[in-house]
Every structure is written in C-alpha cells, then in structure tokens.
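Residue-level listing of the chains:
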Amino acid sequence: MRPFGTTVFAEMSALAVRTGAVNLGQGFPDSDGPPEMLAAAAEALRGGQNQYPPGPGVPALRTAVAAHQHRFWGLEYDPDGEIVVTAGATEAVAASILALCEPGDEVLCFEPYYDSYAASIALAGAVRRPVTLRPAADGRYAFDPAELRAAFGPRTRLVLLNSPHNPTGKVFTPQELALVAELCQEHGAYAVTDEVYEHLVFTDAAAPHVPLATLPGMRERTLRISSAGKTFSCTGWKVGWVSGPAPLVSAVLRVKQFLTFVNAAPLQPAVAVALGLGDDYFTGFRDDMQARRDLLVAGLTDAGFGVLAPEGTYFVTADVTPLGGRDGMEFCRSLPERCGVVAVPTQVFYDDPAAGRRLIRFAFCKRPEVLTEAVTRLRTLAGGR
C-alpha cells in the first residue's frame, strides 16, 4: 500500500474548508434522503435493533434487494445465499476482488477508475490491466474494442466494470457490454460490476442502464454491486450489497466477515423501506439530478471550459485547455483562490496520467442554490481567458 497516500478527495475537501470555497469536488449530497427511510431508521434505533445483525445482512434488506433487482432489471436472486450486505460498495468491491483473485491474477478495468479499485487490486496482490476511456467525436466517452481485446490474456481473472461510470458519467451501451460479455466467456473470466448509479441515467443518454448480469451467460460469472448511498442520498450510512451465484457470494462473505464482520444494523431495515418506494421516487430523483446537471453544464460552458456532458452519475468532466490550463492538478489547486470553487483532477484516476491531464471533475449533487453560487463564481473565469 506504499504507493497509496492521502486521497485526492481529502486534499481537495481540506482546501475547500481552508479557503471557504464551494466544494464540488467530493461526490456527496448536501441534503438528506427520503423521509420514509429516515423515519424507519429512527424507529429501528429506538426499537433495539442496535446489536450485531446476521452476517449476510438482515433478512428484510436481503429480501428487498432481491425484489428491487427483479422489479427493475428482471434479475432473480435468492435472498438466502445469493445476496450479502456490505459496508458500502467500497467494501463490496474490495471483498469481491479479494475473494476471486490470487497474487499475479490480472484485473481488467476501465480508466479513469474510482481510486479504491487500484487499492483493492493491490491488496489482493493482483495486477491492473487498464483500458482507457477517451472522449469521442460526439462528446461521449468510448473505448477502442481492439484495445479491450488485447487487454485480455491467460492471467485475466476478472473484469471490473463501473456503469454508469465515475468519473466520466458514461453509460456503457448494449454493444459494448456484449463485447465485454463475449470476452469474459471466451477467457473464462469473472465480472465484478459496480452499479451504484443504476438509477442515475439521464433521459438523453445514448442507452439505458443494462446490468451485465442480464446478458446471456453472464449471471453465473458476475458479482453485481450496488448501494443505498447514491440513490437515497445517505452516503454516510455505508450500506451496500453484492448479488451473484451462491458459490461466488459465499466467497465474498468469507472475506467480508474478516473486514467489517457486520455493519449498520439499524440502518439496514431503513434501506429495505427505501428500496420499496414507488417509481415516482426513482424518476423524480433522476429528473432532479438531471436539472442540476444542466445547471452546472451551462455554467461551465459559459465559463469557457470544454464540457463533456455526462449520461449519468453525479459528475461532469471538463477540459481546462480552453482556459489556458495544462495540468488538471495545478488547475484544481489554484481554482479556489481564483474563483472560490473546488473540483477534482481526474488524472489521478488513470494509470497513465497524461491521458486525463487536462480533465477535471465537478459534482452536481448539491442543492440548486449551491450550484447557482458555484456557477456565478466559475463564470468569472471567462474574463481571464
């Protein structure tokens, strides 16, 4: 773990506190989730559900996860044996990689990637094999199919796929997913899919969200990960889950029991309530975030950035080149003093930092008035070009 120091999120959030800047760096909402969920949590706290829950998670939540996945994606999972509750998606990813990988195994992932992926792969003694997502002519991110094929080899153990994708906001298309599925089966590889933004695919995306596990031949080789934090605006609760075939989920549980053992006993029943909310909650959540995205995209465009509008997630990436920027890290460190806004440089999410050196990421999961203030500040950059 020596190569892994303090995360860029900690550095930029500390910079926001020190300068009083609007923090659009770290991806956490600044408002609470649905009241039904909060009320259920309070009831569980007062009702004595404060001791160790069952190792795989409380039955009500495992049942709710299974029902939710059938309802939205047509996936069938047995709550008793094919679902395990974790301390957020971060633990789910780590436990899945540790469960499936031996030292020297190769993990194919798409860069830029969320920073915990690299750390989890390193903990397993495995080797990263990145495939780069690059902005295409239509402004969306894409990968080279030949590069993906070349990344597979005799040591490929699993593919770590994040869709909708952080930090790019990309939603992988059915054609892209079909190629991933084909190559996984051809090489006998597993898939671990991080789908925490499954309900944040915007109406103008090129494709809807399609879980990789729904493709032919993939359910039996896929561990599907999601969590409550993003969909229900409760990132501090750290309640996630892994779904998949019983032998793989059993391996994850064996690892998880020696990481956190169990977690969030009184919060698990509350997440079960949230997963059962009506469709109007999920569509309203998406539409609200899409409006916030549009507000920030317009402001970044007016400020002079080269904006890559996301198809999903909480985030928008922007090119600093039109504003004279040459290095995203330097640009982000100077931005609070220049206009009072904090962003995150995406170059830290690449094995090859040069591929993302001039790109930075902004989070729009903030209250509209916060985004409006940030946009007002950012627009002052246009006069300095």
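Given the structure is predicted, the values throughout are model-derived calculations rather than measurements.

> Would you explain the overall build of the protein in this entry?
Within the protein, the regular secondary structure consists of 12 helices and 15 strands. Computed over the C-alpha atoms, the radius of gyration of the protein is 20 Å, within 12% of the 21 Å expected from 2.2 N^0.38 for a compact globule of 385 residues. On the principal axes, the C-alpha backbone points of the protein span a range of 60 × 55 × 40 Å. Expressed as a percentage of its 385 residues, the buried residues of the protein come to 58%. Taking as baseline every contact in the protein between residues at least 6 positions apart, the subset at least 24 positions apart corresponds to 75%. Of the accessible surface of the protein, which amounts to about 14,900 Å², a share of 54% is contributed by carbon and sulfur atoms. Placing the 34 positive and 41 negative side-chain charges of the protein at their respective mean positions leaves the two points 5 Å apart.

> I tried to follow the domain arrangement of the protein on my own but got confused; where do I start?
By a widespread convention, an interface's size corresponds to the accessible area lost as its parts come together. When its domains are assigned, the protein resolves into domain 1 (8-33 + 280-382) and domain 2 (35-276). The C-alpha centroid of domain 2 is placed 25 Å from the C-alpha centroid of domain 1. Across the boundary between the two partners, domain 1 contributes 32 residues, which contact 45 residues of domain 2. At the boundary of domain 1 with domain 2, total buried surface from both sides reaches about 3,200 Å², with 59% on carbon and sulfur atoms. Counting across the domain 1 and domain 2 interface gives three salt bridges. With its nearest N and O atoms 2.7 Å apart, the salt bridge here joins Glu311 to Arg140. Across the contact surface, domain 1 and domain 2 share 17 residue pairs in polar contact (both at pLDDT 80 or more). Elements that contribute at least two residues to the side of domain 1 that touches domain 2 include exactly α10 (279-303), β12 (315-319) and β15 (359-363). Looking at the side of domain 1 that touches domain 2 residue by residue, the class counts come to 16 nonpolar, eight polar and eight charged.

> Is there a simple way to explain the packing of helix α1 (residues 8-19) against helix α11 (residues 328-339) in this structure?
Relative orientation and spacing of two packed helices are given, respectively, by the angle between their axes and the distance between those axes. The interhelical angle for the contact between α1 and α11, taken along N-to-C directions, is 20°, at an axis separation of 9 Å. With respect to α11, the element α1 is oriented roughly parallel. Seen from above, α1 lies across α11 with right-handed handedness. Contact with α1, carried on its side by Glu11, Met12, Leu15 and Thr19, involves Met329, Cys332, Arg333, Pro336 and Glu337 of α11 and no other residues of that element. The class makeup of the residues in the contact of α1 with α11 is five nonpolar, one polar and three charged.

> Help me understand unusual backbone geometry in this model?
Note: most peptide bonds trans; most residues except glycine with negative phi. With an omega dihedral of 5°, the bond running from Glu111 to Pro112 counts as a cis peptide bond. In this structure, Pro112 sits in the loop between β3 (106-111) and α5 (115-123). Asn166 connects to Pro167 through a cis peptide bond whose omega is 15°. Residue placement: Pro167 occurs in the loop between β7 (156-162) and α7 (174-187). Even without a glycine there, the phi angle at Lys238 is positive, about 55°. By the secondary structure assignment, Lys238 is in the loop between β9 (222-227) and β10 (240-243). For Lys238, a relative accessible area of 37% gives the class partly exposed.

> Whenever I open this one, the pairing of strand β2 (residues 83-86) confuses me. Can you help?
Residues in a regular strand point their side chains to alternate faces of the sheet. Going residue by residue along β2, you find Ile83 and Val85 tucked away on one face and Val84 and Thr86 tucked away on the opposite face as well. By the bridge criterion, four bridges tie β2 to β10 in an arrangement that is antiparallel. When the sheet's bridge partners are listed, Val84 is paired in β10 with Val242.

Parameters and conventions
- Residues numbered from 1 in each chain as written.
- Predicted model: local features only at pLDDT ≥ 70, side-chain atom pairs only at ≥ 80, totals over all residues.
- Heavy atoms only, no water.
- Helix = DSSP H or I, 4+ residues; strand = E, 2+ residues; numbered from the N terminus.
- Rg over C-alpha atoms; globule rule 2.2 N^0.38 Å.
- Buried < 20%, exposed > 50% of the residue type's maximum accessible area, 1.4 Å probe, protein only.
- Contact = heavy atoms within 4.5 Å.
- Areas by Shrake-Rupley, 256 points an atom, 1.4 Å probe, with all protein chains shown as cover.
- Lys, Arg positive; Asp, Glu negative; His and termini not counted.
- Charge placed at Lys NZ, Arg CZ, Asp CG, Glu CD.
- Domains from an automatic or database assignment.
- Buried area = accessible area lost by both parts, 1.4 Å probe.
- Salt bridge = Lys/Arg side-chain N within 4 Å of Asp/Glu carboxyl O.
- Polar contact = N/O pair within 3.5 Å; in protein donor to acceptor, adjacent residues only side chain to side chain.
- Nonpolar A, V, L, I, M, F, W, Y, C, P; charged D, E, K, R; others polar.
- Axes fitted to C-alpha atoms, helices over the stretch in contact; angles between N-to-C directions.
- Parallel < 35°, antiparallel > 145°, perpendicular 65-115°, else oblique.
- Left-handed = near helix turned anticlockwise from the far one by under 90°.
- Pairing = 2+ DSSP bridges.

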